[in-house]
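Geometric and topological summary
Listed here are the chains, written in short residue letters.
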Amino acid sequence: MTINLIALNVSKNSAKSITIFQSSTTEVVRVFLFDVVAGQNKITINGLSNSTDKESARISVVPGDARLLDLVCSIDQSVLRDNSTSDVNRLLALQKNALEDEHKSRQQELSVLEEYARTLKAEHVSPEKMADFLDSYMERRRTISKAVRELEEKIAEANKAMWAKSDRMAAAFGKITAVLNAKDDCHVELKLTYHYWRGLDRSSDDSGEESERSDQGNVSPPENKISFLLLERLGEPLTMGVDYSENKDLWQTFHDLSHMGVEHRDIRYANILCAPLAPPGFRGAKCPYHKRMHKFRIIDFDRWVKSDYNMEGHERTTVCSMGGLLEGISKGYKVEPWATWRLFSRQISVSALSIGYLWAFDYLRIFCLLEPIVRFFCNPDSADIDDKKLLGL
Ligand SMILES: [Zn+2]
């Protein structure tokens, strides 16, 4: 009896769902579509994380008359225990260093040649000899440039080879082997569910050692923090000279942060951008609070805090941060929280005031009172600032 062999790899398959549990485990569901023949089909799924929980793998198959006979999840221990990868990498690194040294030498050679050519003057060389020199100069220059380009290609190849042998690639030696028995030739949908451990590579031990390690408490503690990196192509900043103070959509964008208890603490001109055009930007999603797609994006959350203000508190801090900024934009200038203000033609940093502006609500109120006075000294170059109006006179 012949067995039909089917080889699959998770790197070529998008996960259908990923569920992150607080207990340091992550559940992954993947769906594979392929054809089987009548009789036994041995399916190998490669490329699973080394941290895969070998006991967690489950498979279901549609149609139901294709029966699962056997299922084994394993980690290729021979690869994990093979030190040759690091030896190969060391060799590759040596080769790369040698290539880089040669590249440097050839570049120096080229610059010496060019420097020498620059020093030649008419009184040193006759016209006939100059023609000979130029011929040999050009020939040598071409040879060196070609060598430099070739070395750059070789260095790039060495980098690629080192990457291919790196630990990142080596971290996926989990494998699932399953045997399916089908009555007839058919197309099947195989759903694979498995767990893997975050922050703990349990694959390097066998199961006995795993439990021993767990008992000894050498396991990474469960993490309650999940970080996401969201990259989105964004649009332009706010347009100078436009009055956004009544722009409902912009205020609602800040309300969204308030709903989530997020205080940005660095609201400034550079941190408010318009939504990108789609494509190439993402199409965006409707805001769950305002049931619309907002036209603005707030960026740069490196100073944010989760605050316990109520909505009114949040709105007051937003108004304090945004009021001066939007008024400035409508008049064609930027009001920066950490600005250097110009007073009597001298640059004076008002960082103490700005700290208040950024860090504490009470200080914000003080800033709001002082703001018109401070703004009087700010941006004297802007001809269209009505100083009397700003001072409330
Ligand atoms: Zn919203």
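Before any of the text, the structure's been laid out above.
What this report covers is the structure whose coordinates are included nearby. Source: prediction; values computed, not measured. (Residues numbered from 1 in each chain as written. Predicted model: local features only at pLDDT ≥ 70, side-chain atom pairs only at ≥ 80, totals over all residues. Heavy atoms only, no water.)

Here we look at the environment of Gln95
Tracing the backbone through its elements, the reader meets Gln95 in helix α2 (residues 84-119). For the pair Gln95 and Lys154, spaced 59 residues apart in sequence, the C-alpha separation works out to 9.7 Å. (Helix = DSSP H or I, 4+ residues; strand = E, 2+ residues; numbered from the N terminus.)

Topic: the environment of Ala156
Within the secondary structure, Ala156 is located in helix α3 (residues 127-164). A relative accessible area of 38% means that Ala156 is categorised as partly exposed. Distance in space between the C-alpha atoms of Ala156 and Lys96 is 9.0 Å, their sequence separation being 60 residues. (Buried < 20%, exposed > 50% of the residue type's maximum accessible area, 1.4 Å probe, protein only.)

Brief notes about helix α7 (residues 311-331)
Under the 1.5 Å per step criterion, the end-to-end length of α7 is 29 Å for 21 residues, consistent within 8% with the ideal 30 Å. At Met322, α7 shows its maximal bend, which comes to roughly 30°. Every buried residue of α7 is accounted for by Gly313, His314, Thr317, Thr318, Cys320, Ser321, Met322, Gly324, Leu325, Leu326, Gly328 and Ile329. Directly beyond the C-terminal end of α7, a positive phi value near 95° is found at Gly332. (Expected span 1.5 Å × (residues − 1). Bend = angle between axes of the 7 residues up to and from the residue.)

Quick look at the side chain of Asp249
With respect to the secondary-structure elements, Asp249 resides in helix α6 (residues 248-259). Here the side chain of Asp249 touches His294 through a polar contact of 2.9 Å, side chain to side chain. (Polar contact = N/O pair within 3.5 Å; in protein donor to acceptor, adjacent residues only side chain to side chain.)

Focus on the nonpolar core
Core analysis: the biggest nonpolar cluster contains 23 residues, and Phe32, Phe34, Ile43, Ile45, Ile176, Leu190 and Leu192 have the highest contact counts within it. Breaking this core down by element, the ones donating at least two residues are β1 (4-9), β3 (25-36), β4 (39-48), β5 (58-62), β7 (174-182) and β8 (186-197). Those residues in contact with Phe32 that sit more than four places away from it in its chain are Leu8, Asn9, Val10, Asn13, Ile45, Val188, Glu189, Leu190 and Leu192. In this structure, Phe254, Ile267, Tyr269 and Ile272 belong to the second largest nonpolar core, which totals 16 residues. (Core = buried A, V, L, I, M, F, W, Y, C linked by side-chain atoms within 4.5 Å. Contact = heavy atoms within 4.5 Å.)

Describing the sheet that holds β8
Pairing is antiparallel in the open sheet, where four strands are placed in the order β2-β3-β8-β5. Every interior strand has two partners, whereas the edge strands, β2 (15-20) and β5, have only one. Adjacent strand axes in the sheet meet at a mean angle of 15°, parallel and antiparallel pairs treated alike. (Pairing = 2+ DSSP bridges. Axes fitted to C-alpha atoms, helices over the stretch in contact; angles between N-to-C directions.)

Looking at α6
An α-helical segment advances 3.6 residues per turn. Residues three or four places apart therefore align on the same side. Between its terminal C-alpha atoms α6 stretches 16 Å, which fits the 16 Å expected from 12 residues at 1.5 Å a residue. Looking at α6, one finds that the buried residues are Asp249, Leu250, Trp251, Gln252, Thr253, Phe254, Asp256, Leu257 and Ser258. Lining the buried residues of α6 we find β9 (262-263), β10 (272-274), β11 (296-298) and α7. Two or three places before Asp249, at the start of α6, stands the capping residue Asn247, its side-chain oxygen 3.1 Å from that residue's backbone nitrogen.

Brief notes about the pairing of β5
Residues Ile59 and Val61 point to one face of β5 and are all buried, whereas Arg58, Ser60 and Val62, pointing to the other face, are not buried. Two elements, β5 and β8, share five bridges in a ladder whose sense is antiparallel. Across the sheet, the residue bridging to Val62 is Glu189, located in β8.

Some points on the packing of α6 against α7
Two elements in contact, α6 and α7, have axes separated by 10 Å at closest approach and are oriented at 145°. Between α6 and α7 lies a crossing whose hand is right-handed. Across from Leu250, Trp251, Phe254, His255, Ser258 and His259 in α6, the residues of α7 making contact are Met311, His314, Glu315, Thr318, Val319, Met322 and Leu326. Broken down by class, the residue content of the contact of α6 with α7 amounts to seven nonpolar, five polar and one charged. (Left-handed = near helix turned anticlockwise from the far one by under 90°. Nonpolar A, V, L, I, M, F, W, Y, C, P; charged D, E, K, R; others polar.)

Describing the pairing of β3
With nine of its 12 residues buried, β3 lies for the most part within the structure. Examined bridge by bridge, β2 and β3 share five bridges and lie antiparallel to one another. Among the inter-strand pairings, Ala15 is bridged to a residue of β3, identified as Arg30. Bridge count for β3 against β8 is 12 bridges, and the pairing is antiparallel.

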